[in-house]
Amino acid sequence: MMADLDLAPVLPRTAATTSDDHLVLGGCDTTALAKEFGTPLYVFDEEELRGGIGEYRWAFTSRYENTLVVYASKAYLGRWIAALMAEEGLGMDVVSGGELAVAKSVNFPMGKVLFHGNNKSEQELREAVEAGVGRIVVDNFHELALLDGVAGAAGVKQRVLLRISPNVDPHTHAKTTTGILDTKFGFVLEADGSGGEGDPAEQAIVQAQASKNLELMGLHCHLGSPIFEMEPYEVANDVMIGFAAKMRDRHGFELHDYSPGGGFAAPYTRDQIPPAPDEYAEAVIGSMRIALEREGLDEPALSVEPGRSIAARAGVALYTVGARKEIPGVRTYVSVDGGMADNIRPAMYEARYEALLANRATDAAEENVTIAGKYCESGDVLIRDIDLPKLEPGDLLAVPASGAYCLSMASNYNHAPRPPIVLVREGNARLVRRRETYEDMMRNDVWQE
Ligand code: LLP
């Protein structure tokens, strides 16, 4: 039985209820998981994860065989998910030596790794070159020179892409908009996107071609996220492929690889369901082909970088309900045992979430409340103004779509131990990350009495 048909689109596809109305994920009763592992607890549904990966892979490769779907690991990374991505044949986008170390630790195929970032350190570049990372996505002139030196010292000819900021507005939150003119990321094209002579993007092409230890393979851009519309991808492809053609004409540049980045939306709330992977694939590939044909360019290897759209729906956060504060005529606050230390997104981006009671999954809504976190600031609100059944202390609140950018952005604010993760599948629950302990948090505190 479905837990709550209204919330089905934001819950993992395995969501169901027991006969006593408990939320079931991956065949596991979530109230039993909470009892065994404590709360806050993050549950990842393996079937949902693999299903979502399969949809993206099929949507793109069935239309354009030479596509590599690359998981943007900043959305959420742990050794278990890196191993799962490798098993599914995906590539991986890393943005730090730390993410690269996780990939290396599970023997992730390094040829399928892309290394991004607007200020990679020399040490990080060295680690990437030595690990044999397939493509380093060079973001700026400082990095271009630094990497040429690092690759030379290692005796490697490093394959690179150039990150271009194509000046396209994806119409999303300002803090997650990356491909406009005023952004810290990438080489600037002319303000009108035309790639006029002498622009930084053109200079970067010339400099990369002249770098003895670099092999310029192609171009990359990323517009922002989440992007609900197709038009930004279509415009970006038009601009990027147009630029590639100009660079061919002026400098003999060859576009072997092309990436329009990630940013595909995920379902967070029942009233904002994102386009299907098929729609994104159709728009991205269709507009790319039109531009390639217009410019007389061969079809490059394509990579796309979904993070959120793969991880978000697979994760559900479980919290225990505690204190209540009623302010008559104003608002009722109900506090849970997690909050901004494990999910900063509402505070940072005004992100909206849904919630349901895991121990009374189909109870009807009775009151409008605001779900507050337990951390010491007023901004620590998980969900403002949501209709829910009457909440009692000890109730278990499930927050769907918590798989992306929650744990990867988690902190120890107020010295909160970061939550554990349980991977569920077909009735089996596997602890893949244990809850942090106070000792874990003090491990690096080397002060001695
Ligand atoms: N590729 C590049 C180069 C990126 O910078 C990003 C995300 C992605 C791919 C993946 O985007 P996705 O498919 O996950 O939307 N913390 C914010 C999101 C920051 C995204 C940063 N870059 C949030 O919680 O909404």
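Structure report, in brief. (Residues numbered from 1 in each chain as written. Predicted model: local features only at pLDDT ≥ 70, side-chain atom pairs only at ≥ 80, totals over all residues. Heavy atoms only, no water.)

## Structural notes on the overall build of the chain
Scanning the chain for helices and strands turns up 12 helices and 21 strands. At 23 Å, the chain has a C-alpha radius of gyration in line with the 22 Å of a compact globule built from 449 residues. Judged by the C-alpha coordinates and their principal axes, the chain covers about 70 × 60 × 45 Å. Within the span of the chain, comprising 449 residues, buried residues form 57% of the whole. Sequence-distant contacts in the chain: of pairs separated by 6 or more residues, those separated by 24 or more amount to 69%. For the chain, the accessible area works out to roughly 18,500 Å², and carbon and sulfur atoms hold 48% of it. If the 42 positive side-chain charges of the chain are averaged to one point and the 67 negative ones to another, these points end up 4 Å apart. (Helix = DSSP H or I, 4+ residues; strand = E, 2+ residues; numbered from the N terminus. Rg over C-alpha atoms; globule rule 2.2 N^0.38 Å. Buried < 20%, exposed > 50% of the residue type's maximum accessible area, 1.4 Å probe, protein only. Contact = heavy atoms within 4.5 Å. Areas by Shrake-Rupley, 256 points an atom, 1.4 Å probe, with all protein chains shown as cover. Lys, Arg positive; Asp, Glu negative; His and termini not counted. Charge placed at Lys NZ, Arg CZ, Asp CG, Glu CD.)

## Looking at the site of the ligand
Taken together, the neighbourhood of the ligand is formed by 20 residues, with E305, R308, R345, Y349 and Y405 sitting nearest. In the model, an oxygen atom of the ligand is placed 2.9 Å from a nitrogen or oxygen of the G307 main chain. The contact in question runs from a nitrogen atom of the ligand to an N or O atom on the side chain of Y349, over 2.8 Å. Within the complex, the protein chains bury 91% of what would otherwise be the 590 Å² of accessible surface of the ligand. One can see that the ligand is located within the largest pocket. Across the shell around the ligand, the residue classes tally to 6 nonpolar, 8 polar and 6 charged. Residues from two domains meet in the shell around the ligand; each of domain 1 (5-38 + 314-442) and domain 2 (47-306) gives at least three. (Near = heavy atom within 4 Å. Polar contact = N/O pair within 3.5 Å; in protein donor to acceptor, adjacent residues only side chain to side chain. 1 Å grid on protein atoms, 1.4 Å probe; cavity = no way out; pocket = protein on both sides within 12 Å on 5 of 7 lines; lining within 4 Å. Sits in = over half its atoms within 2 Å of the grid points. Nonpolar A, V, L, I, M, F, W, Y, C, P; charged D, E, K, R; others polar. Domains from an automatic or database assignment.)

## So, the packing of aromatic side chains
Applying the stated criterion across every chain, the model contains 11 aromatic pairs. Seen in terms of ring centroids, Y233 and Y280 are 6.0 Å apart; in terms of plane orientation they differ by 80°. Their pairing is edge-to-face. You can see Y233 sitting in helix 8 (residues 231-251) and its partner Y280 sitting in helix 9 (residues 277-295), a full 47 residues away along the chain. Like Y280, Y233 is buried. Plain terms: the ring middles of F264 and Y280 are 4.7 Å apart, the flat faces sit at 45° to each other, and that makes the pair tilted. Taken together, the positions of F264 in the loop between strand 12 (257-259) and helix 9 and Y280 in helix 9 put the pair 16 residues apart, joining distant regions of the chain. By relative accessible area, Y280 is classed as buried at 0%. Each residue in the set Y56, F60, Y233, F264 and Y280 is aromatic and connected to the rest through ring pairs, giving one cluster. (Phe/Tyr/Trp six-rings, centres within 6.5 Å; stacked < 30°, edge-to-face > 60°.)

## Here we look at helix 6 (residues 141-154)
Relative to the 20 Å expected for 14 residues at 1.5 Å per residue, helix 6 spans 20 Å between its end C-alpha atoms, a close match to the ideal helical length. Within helix 6, the full set of buried residues consists of E143, L144, L146, L147, D148, V150 and A151. Against the buried residues of helix 6 lie helix 5 (122-131), strand 8 (135-138), strand 9 (158-165), strand 10 (187-188), helix 7 (200-210) and strand 11 (214-220). Two or three places before H142, at the opening of helix 6, N140 has a side-chain oxygen 3.3 Å from that residue's backbone nitrogen. Immediately beyond the C-terminal end of helix 6, within one or two residues, lies G155, with a positive phi of roughly 70°. (Expected span 1.5 Å × (residues − 1).)

## Some details on empty space enclosed by the protein
Considering all chains together, one arrives at 1 cavity of 30 Å³ or more under this definition. Its boundaries defined by the atoms lining it, the largest cavity holds a volume of some 40 Å³. Along its surface, the largest cavity is lined by P40, A341, D342, Y375, S411, A416, P417, R418 and P419. Looking at the lining of the largest cavity residue by residue, the class counts come to 6 nonpolar, 1 polar and 2 charged. (Points joined across faces, edges and corners; volume = space filled by probe spheres on them.)

## Details of the environment of V235
On the secondary structure map, V235 appears in helix 8. Placed 50 residues apart in sequence, V235 and I285 show a C-alpha to C-alpha distance of 12 Å.

## So, the pairing of strand 4 (residues 41-45)
By the criterion of burial, strand 4 is predominantly enclosed, with 5 of the 5 residues buried. On strand 4, burial covers both faces: L41, V43 and D45 on one face and Y42 and F44 on the other are all buried. In this structure, strand 4 lies alongside strand 14 (residues 315-327), joined through 4 bridges in antiparallel fashion. Bridging across to strand 14, L41 finds its partner in L318. Where strand 4 lies against strand 20 (residues 421-425), 4 bridges are found, and the strand directions are parallel. Opposite Y42, over in strand 20, you have I421 as the bridge partner. (Pairing = 2+ DSSP bridges.)

## Focus on the packing of helix 7 against helix 8
Axis separation between helix 7 and helix 8 bottoms out at 11 Å; the angle between their running directions is 50°. On the basis of their axis angle, the class for helix 7 and helix 8 is oblique. Along this stretch, helix 7 crosses helix 8, giving a crossing that reads as right-handed. Residues A201, E202, I205, V206 and Q209 of helix 7 touch helix 8, and the partners they reach there are F243, M247, R250 and H251. Class assignment for the residues of the contact of helix 7 with helix 8 results in 5 nonpolar, 2 polar and 2 charged. (Axes fitted to C-alpha atoms, helices over the stretch in contact; angles between N-to-C directions. Parallel < 35°, antiparallel > 145°, perpendicular 65-115°, else oblique. Left-handed = near helix turned anticlockwise from the far one by under 90°.)

## A few points about the layout of surface pockets
To find leftover empty space, a probe the size of one water molecule is rolled over the atoms. Of the volumes computed, that of the largest pocket is approximately 630 Å³. Residue lining of the largest pocket: 27 residues in total, with K74, T178, F185, H222 and Y405 positioned closest to the centre. Looking at the lining of the largest pocket residue by residue, the classes come out as 7 nonpolar, 12 polar and 8 charged. The two domains that each donate at least three residues to the lining of the largest pocket are domain 1 (5-38 + 314-442) and domain 2 (47-306).

## Observations regarding helix 1 (residues 30-37)
The set of residues buried in helix 1 consists of T30, T31, L33, A34 and F37. End-on, the buried residues of helix 1 take up no more than an arc of 160°, which puts them together on one face. Along helix 1, exposed side chains directed more than 90 degrees from the buried face belong to K35 and E36. Backbone geometry just downstream of helix 1 places G38 in the positive-phi region, at approximately 80°. (Arc of directions from axis to C-beta.)

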